[in-house]
Protein chains: 2
Amino acid sequence: MAVEISKKMANLHGSMIRELFKLGSDPSVISFGGGNPSVETFPTKEIEEIAAQVLTDNPVSVLQYGLTEGYTPLRETLKKYLAEKEGFDFEKNDLFIVSGGQQGADLTTKILVNEGDVVLTEEPAFVGCLNTFRSYGAKLIGIPMQMDGIDTEALENTLKKLTDAGEKVRFLYTIPSFQNPTGITSTEEKRREVYRICQKYDIMILEDNPYGELRFAGQNVPTIKSMDTDGRVLYCGSFSKTMAPAFRIGFLVFDKSLTGPISVAKQCTDVHSNVLFQYICNEYMTKYDWNAHLENSRNVYRHKAGLMIDKMKECFHPEVSYGNPEGGLFVMAFLPEGMDAYPFVRESINRGVLCVPGSAFLADTESKSNGFRLNYSSPSDEQIEKGIKILGDLTYEWIEKKA
Amino acid sequence: MAVEISKKMANLHGSMIRELFKLGSDPSVISFGGGNPSVETFPTKEIEEIAAQVLTDNPVSVLQYGLTEGYTPLRETLKKYLAEKEGFDFEKNDLFIVSGGQQGADLTTKILVNEGDVVLTEEPAFVGCLNTFRSYGAKLIGIPMQMDGIDTEALENTLKKLTDAGEKVRFLYTIPSFQNPTGITSTEEKRREVYRICQKYDIMILEDNPYGELRFAGQNVPTIKSMDTDGRVLYCGSFSKTMAPAFRIGFLVFDKSLTGPISVAKQCTDVHSNVLFQYICNEYMTKYDWNAHLENSRNVYRHKAGLMIDKMKECFHPEVSYGNPEGGLFVMAFLPEGMDAYPFVRESINRGVLCVPGSAFLADTESKSNGFRLNYSSPSDEQIEKGIKILGDLTYEWIEKKA
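Residues numbered from 1 in each chain as written. Chains lettered and ligands numbered in written order. Predicted model: local features only at pLDDT ≥ 70, side-chain atom pairs only at ≥ 80, totals over all residues. Heavy atoms only, no water.

**Student:** Mind laying out the environment of B:Gln102, listing which residues take part and the relevant values?
**Tutor:** Structurally, B:Gln102 can be placed in helix α5 (residues 101-112). Each C-alpha atom of the pair B:Gln102 and B:Glu400 lies 41 Å from the other, and the pair is 298 residues apart in sequence. Beyond its immediate sequence surroundings of up to four residues, B:Gln102 is in contact with A:Gln267, A:Cys268, A:Thr269, A:Asp270, A:Val271, B:Phe126, B:Gly128, B:Cys129, B:Thr132 and B:Arg248. (Helix = DSSP H or I, 4+ residues; strand = E, 2+ residues; numbered from the N terminus. Contact = heavy atoms within 4.5 Å.)

What follows is the structure, given as structure tokens:
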């Protein structure tokens, strides 16, 4: 029998990145395609220590059903940490533990979006979340990224047009720090402007900050959530890049009026997140040197990003442009205006190097992009040097062939 | 600001059980309210052993991002196990690891249900999944349970009426073995009849089997999935009751034509399930004595169920009726026809005993029920004896007061 798939899901295809992830597991391919944090940054010894201790001394505490909202001590630790570090107000806000940042986006969309509502996204944007929004029947409209963050003029014009056309816009999705896929960090001015515009048009904001702790250059910029005076920002963080991705532990901060709906949404979805890893996160944050650990991760990424950018400067055709990431895991390179990066990426795979074409990150899946995303966190130094050289040679061939 | 909640979620309230779960954590209350497996059944020593071994020898293998479909060795182990034990055909079917049985229901609903579609459920049925279906805007219609399974005549009549009225019915949700909340096991005849009817009206079946391994009396009955000749059954299993609930590991078996949509749905939701616990499940199933472990759990539940039923026979008013569960964690007792169990349960909480009113498990949340669900897996023997005595005294007071 042919099973009919729901309208929302019928036209949704797998993330190009997750598919490439499989290709990238071929050890002969140099992969700049994934989004994996460096295994060097995992505090493996301490994870093993904490797990062994609790599984020996009090196993039932981490094996029985837990609370939907999360493990209470971890929630308290995170509230204290975020109040001090980001100035969040937990008189007004609540914090739930979620099963990775992806679930933060899923629950947010579930409670806010009716089918046919518009979700605004940065363009390009993290495809995993674009698919989450699509899976609820949202119409996605992309707002172009500039080198200092989202194009706020385009944001305001688009909102004006959509409002005039009677469209219901629910929220803006943004990664203001070390954005995936571009590596761009939005300036404080732009963040304030984004907040002002969303306030003016009365839309919500989903601020996704999975890389926030991984700043290895430049000055800290306040989160949009810290500017939130009227409870319109849902803020999502993750332990995927600060502890380990397979924990599947993240957190969502939101106005207390949303506690009921988020709670029901979480119950409907996976009841609660796994307890052992919540316990490990809390022990590690409170009994070990969390800041030294983060500093170590930053050192790893500072080195790797620096190496990749230096090598790109050396090997890439001068007409290929790119920024200089101050944190996170990614940089996006752009072929000359008008060129489609997709066939370029296909050819680079033939030559043994994997990266992701920018078109994977667009709201409109039919559009083309001259960008391609490079991940510097998981490849080794040798792979970065060798892989960028191969890509660099290809940029020369490619651009000169087209010229 | 007042945030507008999506239509699907705006009228959805927290599971009464999850709320009671909080009340039940007061140590002075005897709780028959939860659905927790007995901590005696957790293989804690072995979990600790396996976790310590992998986190020492090969930590990265269980800490880095994993595959959406699940940890390959566990998927292979489960396929082999289910092919042998249940006769599933993995030429035609696929198996994904999910984040607990709840996510199996969530992904199924996401890929199958459009807003306004009908989902048929047993009445009463597991409220966690009812809320999942509601969260996608499904219209729920309950089909009454009888002591040998769902009322198949009512099922066929309802399907006929709905079809004649032009309603789109997507699937039937059923727990054929040791149902939550009633404890009822459907006979093989009824299962075949359910399949025949669903085939006739061309609707899918979500067969939820979280308690299947916990049969402590009677003869094994084939799963509906084992009767599935045309790929209309999605079958959901879980390690929550055979390993530990906080693992958040379950599995979903479905026709291979659904692999694409299920894969995208899983990516959109939480990317993948936590890898360490997938690893532990696989090691435990393959290198330890899985059958002896299950037999031990069955012994625990056989004893506890027997104790509770014996005590109910001794203490409950003779007009209170109930079945004799052959497995699982629950039994439902029914006050005389026409009585509402809700005020009875409220009064029992005042007296220090928690159970769940049957109305929590109805498709129509406004309906009343004369049933109340009792869980025998988590209370101690002393609590079962003391708590059933208190409830029994209350049944006499209650029924004689109303007489």
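**Student:** Any chance you could break down the relation of the copies chain B and chain A for me, citing the residues and the numbers?
**Tutor:** Least-squares fitting of chain B to chain A yields an RMSD of 0.0 Å, with the transformation described by 0.0 Å of translation along the axis and a rotation of 180 degrees. What we have between these two chains is a two-fold relation. Across chain B, the rotation axis passes nearest the C-alpha of B:Ala52, at a separation of 3.0 Å. A high fraction, 100%, of the interface residues of chain B reappear at the interface in chain A, so the copies pair face to face through one surface. (Least-squares fit on C-alpha atoms with pLDDT ≥ 70 in both.)

**Student:** Mind laying out the confidence of the model for chain A, listing which residues take part and the relevant values?
**Tutor:** When the pLDDT values of chain A are averaged, the result is 95; 97% of them are 70 or greater. In the predicted complex, the global pTM is 0.95; the interface-specific ipTM is 0.94. (pLDDT = per-residue confidence, 0-100.)

**Student:** Explain the sheet that holds strand β10 (residues 321-322) of chain A to me, using residue names and the numbers behind them.
**Tutor:** Residues and elements named next belong to chain A. One open sheet accounts for four strands, arranged β10-β11-β14-β13; its pairing is antiparallel. Looking at the sheet topology across the chains shown, the edges are occupied by β10 and β13 (356-357). Note: β13 against strand β14 (residues 371-375), two bridges, orientation antiparallel. Across the sheet, residue Val-356 finds its bridge partner in β14, namely Arg-373. Contacting β10, β11 (330-334) and β14, helix α12 (residues 290-315) runs over the sheet at an angle of about 15 degrees to β11. (Pairing = 2+ DSSP bridges. Axes fitted to C-alpha atoms, helices over the stretch in contact; angles between N-to-C directions.)

**Student:** Any details on the packing of helix α6 (residues 101-112) of chain A against helix α9 (residues 259-270) of chain B? Residues and values, ideally.
**Tutor:** Where α6(A) meets α9(B), the axes come as close as 5 Å, and the angle between the chain directions of the two elements is 95 degrees. As summarised for this structure, α6(A) and α9(B) are arranged roughly perpendicular, according to the angle between their axes. Listed contacts from α9(B) to A:Gln102, A:Gln103 and A:Asp106 of α6(A) are B:Gln267, B:Cys268, B:Thr269 and B:Asp270. Along the lines of polarity and charge, the residues of the contact of α6(A) with α9(B) split into one nonpolar, four polar and two charged. (Parallel < 35°, antiparallel > 145°, perpendicular 65-115°, else oblique. Nonpolar A, V, L, I, M, F, W, Y, C, P; charged D, E, K, R; others polar.)

**Student:** Can you lay out unusual backbone geometry for me, pointing to particular residues and giving the numbers?
**Tutor:** Negative phi values dominate among residues other than glycine, just as trans dominates among peptide bonds. Backbone torsion omega between A:Glu123 and A:Pro124 reads 0 degrees, so that peptide bond is classified as cis. Topologically, A:Pro124 is positioned in the loop between β3 (118-123) and α7 (127-134). Of note, the amide linkage connecting B:Asn180 to B:Pro181 takes the cis form, showing an omega dihedral of 20 degrees. In this structure, B:Pro181 sits in the loop between β6 (169-174) and α8 (188-200). Although it is not a glycine, A:Phe178 adopts a positive phi angle of roughly 55 degrees.

**Student:** Outline the packing of aromatic side chains, listing residues and values.
**Tutor:** For the coordinates displayed, the defined rule picks out 37 aromatic pairs over all chains. Seen from their ring centres, A:Phe344 and A:Phe372 are 4.9 Å apart, and the 35 degrees between their planes marks the pair as tilted. Taken together, the residues A:Phe344 in helix α13 (residues 341-350) and A:Phe372 in strand β14 connect sequence positions 28 residues apart. Between B:Phe133 and B:Tyr173, the aromatic rings sit 5.2 Å apart at their centres with planes inclined by 70 degrees, giving edge-to-face as the arrangement. Here B:Phe133, found in helix α6 (residues 127-134), pairs with B:Tyr173, found in strand β6; they are 40 residues apart in sequence, far enough to count as distant. There is no split in this pair, since B:Phe133 and B:Tyr173 are both buried. Cluster of aromatic residues (ring-pair linked, three or more members): A:Tyr81, A:Phe239, A:Phe251, A:Tyr284, A:Tyr288 and A:Trp290. Directly above the ring of A:Trp398 sits A:Lys401, whose terminal nitrogen or CZ lies 4.1 Å from the centroid. (Phe/Tyr/Trp six-rings, centres within 6.5 Å; stacked < 30°, edge-to-face > 60°. Buried < 20%, exposed > 50% of the residue type's maximum accessible area, 1.4 Å probe, protein only. Lys NZ or Arg CZ within 6 Å of the ring centre and 35° of its normal.)

**Student:** Could you give an account of helix α14 (residues 381-402) of chain A, naming the residues involved and the relevant values?
**Tutor:** Residue and element names in this part refer to chain A. For α14, with 22 residues, the first-to-last C-alpha span of 31 Å sits near the 32 Å given by 1.5 Å per residue. Those residues of α14 not exposed but buried are Ile-384, Gly-387, Ile-388, Leu-391, Gly-392, Leu-394, Thr-395, Trp-398 and Ile-399. The secondary structure elements touched by the buried residues of α14 are β1 (30-31), α12, α13, β12 (353-354) and β14. (Expected span 1.5 Å × (residues − 1).)

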